[in-house]
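Here are the chains, one letter per residue:
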Amino acid sequence: MSRKDFATVVIGSGPAGYTVAVRCALAGMKTLLLEKSPEDSGGTCLNRGCIPVKSMIESAALYEKMRNAGYYGLECRSGSPSLADIIAAARRNTRDLKKGLYNTFKKAGVETAYAEASFRDEKSIMLGGSRRVSFENAVIATGSAPAELESMPVDGERVISSDHLMNLEYLPRKILIVGGGYIGCEAASFFSAFGSEVTVVEAASRLLPGADEDISRVIEKSFRRRGIAVLKDSEAEKISSGISRAGVRIKSGGSSEERSFDRILVAAGRKPFYRGLAPEKAGVETAGSAVKTDLRMRTSSPGIYAAGDVRGEDMLAHAAFRQGETAAAGITGNDMPEYKTELLPKVVFSFPQAAWAGVHPDEVKRLDGEAFTRKTFFRSNAKALIGGEREGFIKLVCRKKDRTVLSAAVVGPEACELIHIFLPALSGSLDLDGLLEQIYAHPTLSEAVSGIQP
């Protein structure tokens, strides 16, 4: 067998890609990490998604506390928010994390290159159309792109996607958000906190269709209290676009209404992205827009793996990290369990936050008679009272015969942190009784678990 240029070539430097690259390099393998440009290093998560967007939401959360300073016995003149300063703070966080990422690559011995990549065959790839690189193993980690709607074409001006949030120049007075999933609910929370008039249009019968129905109800109730208009079982279509406004026809409840907005954010989810990569030349099978893999991230072509959003499932950064670890284990010959989704927490940084994990809510319904539910509310938790965030609950679904915890749902303060308390129980390490036997400090939000009835 001829000597290859690299033991491993990783295409895409997001959470899945850089996890694989670092682990393979640390194992002593000559590794090349490819990205389109230095500006894209770290992928969507670091540059346009998780990090900057959550930074902006953190600014919004602090601004809300400042406006409600009277609850804490304080007086605070918050002034007018500057979107430019908020975005600058988010970019600073991205910049600092990117520096750390570059240092990690350097210490691990990862070689990086910036070029468009395209497979030539099962063991080689072209960079920028001119350089051919051969490999023993390759990992497709090209991520995803915002999903598009025919009725609402994105122009980057009046109609934007989540990729454009970091380029906004001002806070819109009126904004329409098309989609009430993760991205839509987080964006609605952000813009509403800074005074924008927000309307959310969702085609399904509730917000966050993949979440526990009780979570959806709390989020919707909170949104309405904040003045966010929520239109369910509804559709929106752009009918005009001017210099300052966009016209929209909204169909809801059997009626149709024409309205105008300063901005329209299309938050219809994301789709796998591998344009130009030509995986078919390497014998890699695809299904729809996704690259097909097994639970060890192996594609149909020996030695070629795929991880992260490009697989079309669990499009979350923490899922990508684990999938990258799984692929790296296969390449380096280390033991690693198959990728499992049961313990994957889903988190939404909306106001209030929401998180859930375990058996899918639809499956829980089918367990009626075999399971029981336990719920406790934050309104009776001292720390929630102190923090002025009393809405929401913790909900557990358990199997009757052995009291194992099947699913956990949290909506309310720090839900995105609290969900991790329940992962050991969901993994089978603890049953409900074992979970309740733990001693939780007082006063803490975690202590709310103690309020669950045996």
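Refer to the structure printed above.
Chains are numbered independently. Their residues run from 1 in the order of the written sequence. Local features in a predicted model are, by the rule used here, given only for residues with pLDDT of at least 70; side-chain atom pairs are given and counted only at 80 or more, and totals for whole chains, interfaces and linings are based on all residues. Computation of side-chain values covers all heavy atoms of the structure but excludes hydrogens and water.

## What about helix H5 (residues 182-193)?
- Between the first and last C-alpha of H5 there are 17 Å, a value that for 12 residues agrees with the 16 Å anticipated at 1.5 Å per step.
- Buried residues dominate H5, accounting for 10 of its 12 residues. Helix numbering and strand numbering both begin at the N terminus, where a helix is a DSSP run of H or I of at least 4 residues and a strand a DSSP run of E of at least 2. What a helix should span is 1.5 Å times the count of its residues minus one. Only protein chains enter the accessibility calculation, which uses a 1.4 Å probe; a residue is then buried when its area is under 20% of its type maximum, exposed when over 50%, and partly exposed in between.

## Section: the side chain of Asp314
- Looking at where Asp314 falls in the secondary structure, it is placed in the loop between strand E19 (304-306) and helix H7 (317-332).
- Buried and without a salt bridge, Asp314 has Lys346 as its closest oppositely charged side chain, separated by 4.8 Å.
- For Asp314, the side chain forms a polar contact with the side chain of Tyr339, separated by 2.9 Å.
- Non-local contacts of Asp314, meaning those with residues more than four positions away in its chain, are made with Asp309, Ala319, Gln323, Tyr339, Thr341, Leu344 and Lys346. Note on charges: Lys and Arg go in the positive column, Asp and Glu in the negative column, and His and the chain ends are not counted at all. Salt bridges are identified by distance alone: a Lys or Arg side-chain nitrogen within 4 Å of an Asp or Glu carboxyl oxygen. In protein, a polar contact requires one atom able to donate a hydrogen and another able to accept it; more generally it is a pair of N or O atoms within 3.5 Å, and residues adjacent in sequence count only if both atoms are side-chain atoms. Contacts were defined at the residue level, with two residues in contact if any of their heavy atoms lie within 4.5 Å.

## Comments concerning the packing of aromatic side chains
- For this analysis, a ring pair means two rings from Phe, Tyr or Trp (six-membered ring only for Trp) whose centres lie within 6.5 Å, classed as stacked if their planes differ by under 30 degrees, edge-to-face if by over 60, and tilted for the remaining angles. Tallying each qualifying case throughout the model produces nine aromatic pairs.
- With 6.3 Å between their ring centres and 70 degrees between their planes, Phe377 and Phe393 make a pair best called edge-to-face. With Phe377 in strand E22 (residues 371-377) and Phe393 in strand E23 (residues 393-399), the pair connects residues that are 16 residues apart, well separated along the chain.
- The partly exposed category is assigned to Phe377, whose relative accessible area is 31%.
- Its end group placed over the ring of Phe261, Lys174 keeps NZ or CZ at 5.5 Å from the ring centre. Counted as over-ring charges are cases with an Arg CZ or a Lys NZ within 6 Å of the ring centre that also lie within 35 degrees of the ring normal.

## Overview of the environment of Thr112
- Here Thr112 shows up in strand E3 (residues 111-114).
- With 51 residues separating them in the primary sequence, Thr112 and Ala61 have C-alpha atoms 37 Å apart.
- Setting aside its immediate chain neighbours within four residues, Thr112 contacts Leu32, Leu33 and Phe105.

## What to know about the packing of helix H1 (residues 15-26) against H7
- In the contact formed by H1 and H7, the axes pass within 7 Å of each other and the chain directions differ by 30 degrees. The way H1 lies across H7 gives a crossing that is right-handed. In this structure, H1 uses Pro15, Ala16, Tyr18, Thr19, Val20, Arg23 and Cys24 to contact H7, whose residues at the interface are Ala317, Ala320, Phe321, Gly324, Glu325, Ala327, Ala328, Ile331 and Thr332.
- Note that Gly is not counted as nonpolar here; it falls among the polar residues with everything else outside the nonpolar set of Ala, Val, Leu, Ile, Met, Phe, Trp, Tyr, Cys and Pro and the charged set of Asp, Glu, Lys and Arg. The residue makeup of the contact of H1 with H7, split by class, is 11 nonpolar, three polar and two charged. With axes taken as lines fitted to C-alpha atoms, and helix axes fitted only over the stretch in contact, angles between N-to-C directions fall between 0 and 180 degrees. When the near helix sits turned anticlockwise from the far one by under a right angle, the crossing is termed left-handed; a clockwise turn instead gives a right-handed crossing.

## What to know about the pairing of strand E21 (residues 354-358)
- With respect to burial, E21 is a largely interior element, four of its five residues being buried.
- Strands were regarded as paired on the criterion that DSSP finds at least two bridges between them. Bridge count for strand E20 (residues 346-348) against E21 is three bridges, and the pairing is antiparallel. Counterpart to Val348 in the pairing with E21 is Ala354.
- Counting the residues in the hairpin turn of E20 and E21 gives five residues.

## Thoughts on the environment of Trp356
- Structurally, Trp356 is set in strand E21.
- On the basis of relative accessibility, which here comes to 8%, the residue Trp356 falls in the buried class.
- Considered as a pair, Trp356 and His420 are 64 residues apart in the sequence and their alpha carbons are 9.4 Å apart.
- Ignoring sequence-local partners within four residues, the contact set of Trp356 consists of Tyr182, Gly210, Ala211, Ile215, Leu344, Pro345, Lys346, Val348, Ala408, Ala409 and Ile419.

## Considering the sheet that holds strand E12 (residues 234-241)
- Reading across the sheet, the three strands line up as E12-E13-E14 and stay open at both edges, with antiparallel pairing between neighbours. Two strands close off the open sheet at either side, each with one partner strand: E12 and strand E14 (255-261). The sheet shows a mean angle of 25 degrees between the axes of neighbouring strands, taken without regard to direction.
- In this sheet, strand E13 (residues 246-252) lies alongside E12 in antiparallel orientation, the contact comprising seven bridges.

## Here we look at the sheet that holds strand E15 (residues 263-266)
- Ordered by their spatial adjacency, five strands build an open sheet running E8-E15-E9-E10-E11, and the pairing between neighbours is parallel. What marks the edges here is a single partner per strand, and that holds for strand E8 (159-161) and strand E11 (229-231). Pairs of neighbouring strands in the sheet enclose a mean axial angle of 20 degrees, with direction left out of account.
- By the bridge criterion, five bridges tie strand E9 (residues 174-178) to strand E10 (residues 197-201) in an arrangement that is parallel. Residue Val178 lies in a different strand from E10, and its bridge partner there is Val201.

## A few points about a negative patch on the surface
- Here the term patch refers to residues with relative accessible area over 30% and no salt bridge, with like charges joined within 9 Å and nonpolar side chains (Val, Leu, Ile, Met, Phe, Trp, Tyr) within 5 Å. Computed by Shrake-Rupley with a 1.4 Å probe, the accessible areas treat only the displayed protein chains as cover when residues are assessed. The atom standing in for a charge is NZ when the residue is Lys, CZ when it is Arg, CG when it is Asp and CD when it is Glu. Judged by side-chain charge, Glu58, Glu389, Glu414 and Glu417 come together as a negatively charged surface patch.
- In this structure Glu414 comes out as partly exposed when scored by relative accessible area, which is 41%.

## A closer look at the pattern of salt bridges
- This model, assessed by the stated rule, comprises 29 salt bridges.
- A salt bridge links Glu75 to Arg77; the shortest N-O distance between them is 3.0 Å. Here Glu75 and Arg77 have matching classes, each one exposed.
- Here Glu391 ties to Arg225 by a salt bridge, and the two come within 2.4 Å at their closest N and O atoms. Of this pair, Glu391 sits in the loop between helix H9 (382-387) and E23 while Arg225 sits in helix H6 (residues 213-225), and the two are 166 residues apart along the sequence.
- Classification of Glu391 as partly exposed rests on a relative accessible area of 24%.
- Assessed through its relative accessible area of 54%, Arg225 is described here as exposed.

## As for a nonpolar patch on the surface
- Together, Tyr71, Tyr72, Leu74 and Leu385 line one region of the surface with nonpolar side chains, adding up to about 390 Å² of accessible area.
- Topologically, Tyr71 is positioned in the loop between helix H3 (50-67) and helix H4 (83-108).

Taken by themselves, the reported measurements are silent on function.
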